[in-house]
Amino acid sequence: GASVGAHARCKKWPRGMAIHPGFGRENEQAGWVSMPNLWQAASENNLPEAQRLIEQGANPYAVDAKGYTAFNHAASNGLRALKFLTEIAFADTQRVPKNRKWPEYNVNTPSGIYQSTLITYAAKVCDEETVKAMIMAGADCSIVNGSGWNLLHAAAVMPGRKEVLALLVGHMEKGALQAESSKVYVTAYGKNTISYPAGATPAALCQTRIDQDTACP
């Protein structure tokens, strides 16, 4: 993995509330911890640095002291980095065993504090063809992460996901559109803090971001 470098932030929050690691990084508060460079590059959407670190052997599945992977650190503000990490990790799952970088992870292996799989991240940031390739490779479209989000929740809070949402709906159970999240999830997009409620359908989470994130495209 990458060596320990500049500071990024993780903090303890109340039980029952999921706090994305990108939340409040600009605040100088007690309890923050240092993290390796890949986590920082992912959090800051530094694609060239993320690519360099992966080439040098960094592991995107490695967790920090709070259980966050590089995927988790990229999930709100590191979207270019998240797309790169998701695609390279998926490509690795399709190699023959002797050529794999992370053989302990397949396309359906959950990772990180929210126990998401690669298709969860793909639903947020990857193009329709990548998501389709994952499905063809056996990705489980019924995955629900630790916040109670299914793939439609993950896609619905991101702009420009109409085609991906339509694809996913065709591969998910009938009730997926009415499925409700199980926890409050707080994150920040840039300087805008969003609190996604528990008990929300994908459409309700989409509306939450529209209502709370004035800079949302």
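A brief look at the structure comes next. (Residues numbered from 1 in each chain as written. Predicted model: local features only at pLDDT ≥ 70, side-chain atom pairs only at ≥ 80, totals over all residues. Heavy atoms only, no water.)

Bringing the packing of aromatic side chains into the picture now. Counting across every chain of the model gives 9 aromatic pairs. Measuring from centroid to centroid gives 6.1 Å for Tyr 61 and Trp 102, while their planes differ by 70 degrees, and the two rings are edge-to-face. Placement of Tyr 61 in the loop between helix 2 (47-55) and helix 3 (70-74) and of Trp 102 in the loop between helix 4 (79-93) and helix 5 (118-125) is noted, with a sequence separation of 41 residues between them. Looking at Tyr 61, the relative accessible area reads 4%, which means it is buried. Classification of Trp 102 by relative accessible area gives buried; the value is 5%. (Phe/Tyr/Trp six-rings, centres within 6.5 Å; stacked < 30°, edge-to-face > 60°. Helix = DSSP H or I, 4+ residues; strand = E, 2+ residues; numbered from the N terminus. Buried < 20%, exposed > 50% of the residue type's maximum accessible area, 1.4 Å probe, protein only.)

This part is about the environment of Val 125. Take Val 125: it is sitting in helix 5. The exposure class of Val 125 is buried, given its relative accessible area of 13%. For the pair Val 125 and Thr 86, spaced 39 residues apart in the sequence, the C-alpha separation amounts to 8.8 Å. In this structure, Val 125 is in contact with Leu 79, Leu 82, Lys 83 and Arg 161, ignoring residues within four places of it in sequence. (Contact = heavy atoms within 4.5 Å.)

Moving on: the packing of helix 2 against helix 4. Interhelical geometry of helix 2 versus helix 4 gives an angle of 25 degrees and a closest axis separation of 9 Å. Taken together, the axes of helix 2 and helix 4 lie roughly parallel to each other. Here helix 2 and helix 4 pass one another in a crossing that is right-handed. Across the interface between the two elements, Leu 47, Ala 50, Gln 51 and Ile 54 of helix 2 pack against Arg 80, Ala 81, Phe 84, Leu 85 and Ile 88 of helix 4. (Axes fitted to C-alpha atoms, helices over the stretch in contact; angles between N-to-C directions. Parallel < 35°, antiparallel > 145°, perpendicular 65-115°, else oblique. Left-handed = near helix turned anticlockwise from the far one by under 90°.)

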